[in-house]
Amino acid sequence: MTFSKVCEVSDVPVGDALKVESKGEAVAIFNVDGELFATQDRCTHGDWSLSEGGYLEGDVVECSLHMGKFCVRTGKIKAAPPCEPLKIFPIRIDGSDVFVDFD
Ligand code: FES
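Since the model is a prediction, treat every value here as computed from it, not as a measurement.

**Student:** Can you walk me through the nonpolar core in this structure?
**Tutor:** In a soluble, globular protein the nonpolar side chains are often hidden away together inside. One finds F30, L50, L56, V61, F70 and V72 to be the most contacted residues of the largest nonpolar core, which totals 13 residues. Discounting chain neighbours no more than four positions away, the residues touching V72 are F30, V32, F37, T39, L56, D59, V61 and I88. Listed in part, the 12 residues of the second largest apolar core include C7, A38, F89 and V100.

**Student:** Is there a simple way to think about the environment of D11 in this case?
**Tutor:** Tracing the backbone through its elements, the reader meets D11 in the loop between strand 1 (3–8) and strand 2 (17–22). With a relative accessible area of 39%, D11 lands in the partly exposed category. Along the chain, D11 and R92 lie 81 residues apart, while their C-alpha atoms are 15 Å from each other.

**Student:** I tried to follow the packing of aromatic side chains on my own but got confused; where do I start?
**Tutor:** To describe a pair of aromatic rings, you give the distance between the ring centres and the angle between the ring planes. With the rule as written, the count across this model stands at 1 aromatic pair. Consider the rings of F89 and F102, whose centres lie 6.2 Å apart with planes at 50°: the pair is tilted. One end of the pair, F89, is in strand 9 (residues 88–89); the other, F102, is in the segment after strand 11 (97–101), and 13 residues separate them in sequence. A residue is classified by how much of its surface remains accessible, and F102, at 4% relative accessible area, is buried. Positioned over the ring face of F3 is R92, at 4.8 Å from the centre of the ring. In this structure, R92 is placed above the aromatic ring of F99, and the distance from its NZ or CZ to the ring centre is 5.1 Å.

**Student:** Explain the pairing of strand 3 (residues 25–32) here, please?
**Tutor:** The buried fraction of strand 3 is high, at 6 of 8 residues. The sheet contact formed by strand 2 and strand 3 spans 6 bridges and is antiparallel. Bridge pairing links K19 to A28 in strand 3. Connecting strand 2 to the next strand, strand 3, in antiparallel fashion are 2 residues, including K23 with a positive phi near 50°.

**Student:** Looking at this structure, I do not really get the sheet that holds strand 7 (residues 69–71). What am I missing?
**Tutor:** Adjacent strands of a sheet form backbone hydrogen bonds with each other and so pair up, either parallel or antiparallel. Read from one edge of the open sheet, 4 strands run 5-6-7-8, paired in antiparallel fashion. Each edge of the sheet is formed by a strand with only one pairing partner; in this case those strands are strand 5 (54–57) and strand 8 (77–79). Each strand of the sheet is rotated relative to its neighbour by a mean of 30°, with strand direction disregarded. As paired strands, strand 5 and strand 6 (residues 60–63) are joined by 4 bridges and run antiparallel to one another. Of the residues in strand 6, the one forming a bridge with G54 is C63.

Here is what the cut-offs are and how they apply
- The numbers attached to residues start from 1 for each chain and follow its sequence in the written order.
- Two thresholds apply to this predicted model, a pLDDT of at least 70 for residue-level local features and 80 or more for giving and counting side-chain atom pairs, whereas whole-chain, interface and lining totals are computed over all residues.
- Side-chain measures were taken over the full set of non-hydrogen atoms in the model, leaving aside hydrogen atoms and water.
- We define the nonpolar core as a collection of buried residues of types Ala, Val, Leu, Ile, Met, Phe, Trp, Tyr and Cys that are connected through side-chain atoms lying within 4.5 Å of one another.
- Burial classes: relative accessible area under 20% of the type maximum marks a residue as buried, over 50% as exposed, and values in between as partly exposed (1.4 Å probe, protein chains only).
- We call two residues in contact when some of their heavy atoms are within 4.5 Å.
- Here a strand is any run of E in DSSP of at least two residues, a helix any run of H or I of at least four, and the numbering for each starts at the N terminus.
- Aromatic rings from Phe, Tyr and Trp, with only the six-membered ring used for Trp, were paired whenever their centres fell within 6.5 Å, and each pair was classed as stacked if the ring planes differed by under 30 degrees, edge-to-face if by over 60, and tilted otherwise.
- Throughout this description, the term charge over a ring refers to an Arg CZ or Lys NZ atom that lies within 6 Å of the ring centre and within 35 degrees of the ring normal.
- DSSP-based pairing: two strands are paired if at least 2 bridges between them are found.
- For every element, the axis is a line fit to its C-alpha atoms; helices are fit only across the contacting stretch, and the angle between N-to-C directions ranges from 0 to 180 degrees.

In structure tokens:
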């Protein structure tokens with residue numbers, strides 16, 4: 001595993017999301033009640049950023065393009081039309097720094 005620093009904890013307020021990129025991969029960092037999760041940023045149903053064009057409610061993000069929903073903890077689909085789950089990335093917090101394994 002190769003973790004890269006992507007942001008600071010304070011960059012992602014509770015209930016919000018931040019888009020980060022490394023190695024050509026866009027990843028969304030979600031803050032669910034103080035716990036951070038990393039998923040692929042692009043909705044699996046279309047070319048849409050979930051961090052910039054999604055609504056986080058609890059641990060579920062709703063894509064604002066066609067209202068598909070995913071659990072950001074597991075990547076599982078919570079509402080159609082998407083039929084592919086989100087890719088989940090390992091995330092690590094060290095002090096105030098947030099690291100993601102993009103591999
Ligand atoms: Fe996300 Fe269609 S692009 S639900």
